[in-house]
Amino acid sequence: MNKYLKRFLPVLITLALAWFLFQRGIRWNNLRSVLVQARWGWMMLALAWEAAAYGAVTWLNEILLQRYGFKVSYGKQFMVQLVMAFIEVALPSASISGLVLRARLLKPHGVSLDVATATTLAESVLITTSVLLFALPVTGVAIMNGMTGFDGFNRLFLFFMGSTIFIGITIWQWKFTPFVNFRAQILQWAGRFWNHHIQPRWPLHLGDWPASRVFERILYLWAETLASVRARPYAILLSLLARSGFEALCLMMCFYALGQSLPIITLLFLYALTIAINTLGGVPSGIGLAEVSLSALYAQFGIATEMAVAIALVYRLTGYWFPRMVGGLAWVWLERADPRQHISENV
């Protein structure tokens, strides 16, 4: 049941959003003329800013690896980031494959699987945290400026604010005795659930991973993530700010390419929502979901439906699909450059 739900739910959502766009009276001839009249120079700048965003993530990984004493060339790490992005699309049901591939590509430089795992987890946690910390204040400023006139975004802002307060209270009460006892009970319940329901379901892969070992591994990786942040906090913060800024500029160039000039706070607000939607649309079950969702989002800001669809297509091409196509080529190049690694056998 879950398998069919994961396959068909994105399709149903895509069809519902497409129906919403059709209700707004999209004209395909107008869409074609909009794309023909696009200013491709701005699109080239969008690609350049997206490449800079990948460069910022590469710098972040370089910082994380330096803590363990490893030095990998910047160009090699840049290509590894593109390859991992490609793997996320090519094998959306096997996210671990990207980690395995990263470990294999960095193995010639002496990087162990543990270090590759720790740095990948640290990267994911830091990027996710930076996205949330960026989206919350931008959403708040947008709502205070009266930019959003419908209740959906107000509820979204309240959700973010409530989540922030909850996290703050959790951190504040973390070492208090009642909360320690509560956490212990939660961990005991989670451990029993893992041992009785999760581990027996996949004995081949999880037979050697009881709950105690899983929790120990999670705590180790979390401690490594915190240690990495403490080692070079300002450099990590700068790399995260650069990534968010470059991706926002990529989206801005896509609007400019189609003749749309919006206030900077509106563009930042759209970016905050776009980065959430941009995680959708994985191949094969959710293909088109992100494109249609972004079109429906942009159409809510007074942009003509044809223009909204064109902007969504241009952004997804420059900010999502093109880097992943380049990642596929980089994968082939790296495999041929060092065929002894047998990358494809480990993914």
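Residues numbered from 1 in each chain as written. Predicted model: local features only at pLDDT ≥ 70, side-chain atom pairs only at ≥ 80, totals over all residues. Heavy atoms only, no water.

K.L.:
Hey, could you go over the overall build of the protein chain for me, with residue numbers and the actual values?
P.N.:
Along the protein chain, the regular secondary structure elements total 14 helices and zero strands. Overall, the protein chain shows an N-to-C arrangement of helices and strands of α-α-α-α-α-α-α-α-α-α-α-α-α-α. Out of the 347 residues in the protein chain, the part that is buried amounts to 42%. Of the contacts formed within the protein chain by residues at least 6 apart in sequence, a portion of 71% connects residues at least 24 apart. (Helix = DSSP H or I, 4+ residues; strand = E, 2+ residues; numbered from the N terminus. Buried < 20%, exposed > 50% of the residue type's maximum accessible area, 1.4 Å probe, protein only. Contact = heavy atoms within 4.5 Å.)

K.L.:
Kindly report on the packing of helix 11 (residues 233–257) against helix 14 (residues 305–337), identifying the contributing residues and their values.
P.N.:
Packed helix pairs are specified by the crossing angle of their axes together with the interaxial distance, meaning the distance between the axes. Running from N to C, helix 11 and helix 14 cross one another at 140°; their axes reach a closest spacing of 9 Å. Looking at the two axes, helix 11 sits oblique to helix 14. When the axes of helix 11 and helix 14 are compared, the crossing they make is right-handed. Of the residues in helix 14, those in contact with Cys250, Leu251, Cys254 and Phe255 of helix 11 are Ile311, Val314, Tyr315, Thr318 and Gly319. Of the residues belonging to the contact of helix 11 with helix 14, the class tally is seven nonpolar, two polar and no charged. (Axes fitted to C-alpha atoms, helices over the stretch in contact; angles between N-to-C directions. Parallel < 35°, antiparallel > 145°, perpendicular 65-115°, else oblique. Left-handed = near helix turned anticlockwise from the far one by under 90°. Nonpolar A, V, L, I, M, F, W, Y, C, P; charged D, E, K, R; others polar.)

K.L.:
An account of the environment of Leu206 is needed here, citing residue identities and associated values.
P.N.:
Counting through the fold element by element, Leu206 comes out in helix 9 (residues 203–206). When its relative accessible area of 18% is taken as the criterion, Leu206 is described as buried. In this view, Leu206 contacts Trp194, Ile198 and Gln199; residues no more than four positions away in its chain are not counted.

K.L.:
Let's hear about the side chain of Gln77: which residues, and what values?
P.N.:
If you trace the backbone, Gln77 turns up in helix 4 (residues 74–90). Residue Gln77 is classed as buried on the basis of its relative accessible area of 2%. Those residues in contact with Gln77 that sit more than four places away from it in its chain are Thr58, Asn61, Glu62, Leu65 and Val72.

K.L.:
Lay out the state of the cysteines with the relevant residues and their values.
P.N.:
Summed over the entire model, instances satisfying the criterion amount to zero disulfides. In this structure Cys250 is not part of a disulfide, and its nearest cysteine sulfur, from Cys254, lies 4.7 Å away. With a relative accessible area of 0%, Cys250 lands in the buried category. For Cys254, a relative accessible area of 0% corresponds to the buried category. (Disulfide = S-S within 2.5 Å.)

K.L.:
Could you give me a rundown of the confidence of the model for the protein chain, with the residues and numbers involved?
P.N.:
Looking at the protein chain, pLDDT values average 76 and 72% of them are 70 or higher. At the low end of the mean pLDDT range in the protein chain sits helix 1 (residues 2–23), at 54; at the high end sits helix 3 (residues 40–66), at 92. Every residue in residues 149–153 scores below 50 in pLDDT, and together they form seven contacts with partners more than four places removed in sequence or on other chains. Confidence over residues 281–286 falls short of pLDDT 50; this stretch has 17 contacts with residues more than four positions distant or in other chains. (pLDDT = per-residue confidence, 0-100.)

K.L.:
I'd like a description of the environment of Met79, backed by residues and values.
P.N.:
For Met79, the location among the structural elements is in helix 4. Note: C-alpha distance between Met79 and Ala330 (251 residues apart in sequence) is 6.0 Å.

K.L.:
Residues and numbers for a nonpolar patch on the surface, please.
P.N.:
A cluster of nonpolar side chains, contributed by Ile165, Ile169, Trp172 and Phe176, occupies part of the molecular surface with about 460 Å² of accessible area. Checked against the element boundaries, Ile165 lands in helix 7 (residues 151–172). (Patch = residues over 30% accessible without salt bridge, like charges linked within 9 Å, V, L, I, M, F, W, Y side chains within 5 Å. Areas by Shrake-Rupley, 256 points an atom, 1.4 Å probe, with all protein chains shown as cover. Salt bridge = Lys/Arg side-chain N within 4 Å of Asp/Glu carboxyl O.)

K.L.:
Tell me about the nonpolar core, and name the residues and values.
P.N.:
A general feature of soluble globular proteins is that nonpolar side chains tend to end up buried together. In this structure, Phe255, Leu258, Leu270, Leu297, Tyr298, Ile303 and Ile311 are the most contacted members of the largest nonpolar core, which totals 32 residues. Counting only elements with at least two residues in this core, the list comes to helix 3, helix 11, helix 12 (264–277), helix 13 (289–299) and helix 14. When neighbours within four sequence positions are excluded, Ile311 is seen to be in contact with Phe255, Leu258, Gln260, Tyr298 and Ile303. Val80, Met84, Val111 and Trp331 belong to the second largest nonpolar core, which has 17 residues in total. (Core = buried A, V, L, I, M, F, W, Y, C linked by side-chain atoms within 4.5 Å.)

K.L.:
Quick rundown of the packing of aromatic side chains? Include the residues and the values.
P.N.:
Scanning the entire structure with this criterion turns up six aromatic pairs. With 5.2 Å between their ring centres and 70° between their planes, Trp42 and Tyr256 make a pair best called edge-to-face. With a gap of 214 residues between them, Trp42 in helix 3 and Tyr256 in helix 11 connect regions that are remote in the sequence. Classification of Tyr256 as partly exposed rests on a relative accessible area of 22%. Arranged with centres 4.9 Å apart and planes meeting at 85°, the rings of Tyr320 and Trp321 form a pair that is edge-to-face. Stacked on the ring of Trp209, the Lys or Arg Arg213 has its end atom at 3.8 Å from the ring centre. If you follow Arg324 out to its NZ or CZ, it ends over the ring of Tyr320, 3.9 Å from the centre. (Phe/Tyr/Trp six-rings, centres within 6.5 Å; stacked < 30°, edge-to-face > 60°. Lys NZ or Arg CZ within 6 Å of the ring centre and 35° of its normal.)

K.L.:
Go over the pattern of salt bridges with me, naming the residues and quoting the values.
P.N.:
By the definition in use, this model includes four salt bridges. Here Glu62 ties to Lys71 by a salt bridge, and the two come within 3.2 Å at their closest N and O atoms. Judged by its relative accessible area of 58%, Lys71 is exposed. Across the salt bridge formed by Asp114 and Arg217, the nearest N and O atoms sit 2.6 Å from each other. A residue pair is termed long-range when its members are at least 10 positions apart, and Asp114 in helix 6 (residues 113–144) and Arg217 in helix 10 (residues 211–231) qualify at 103 residues.

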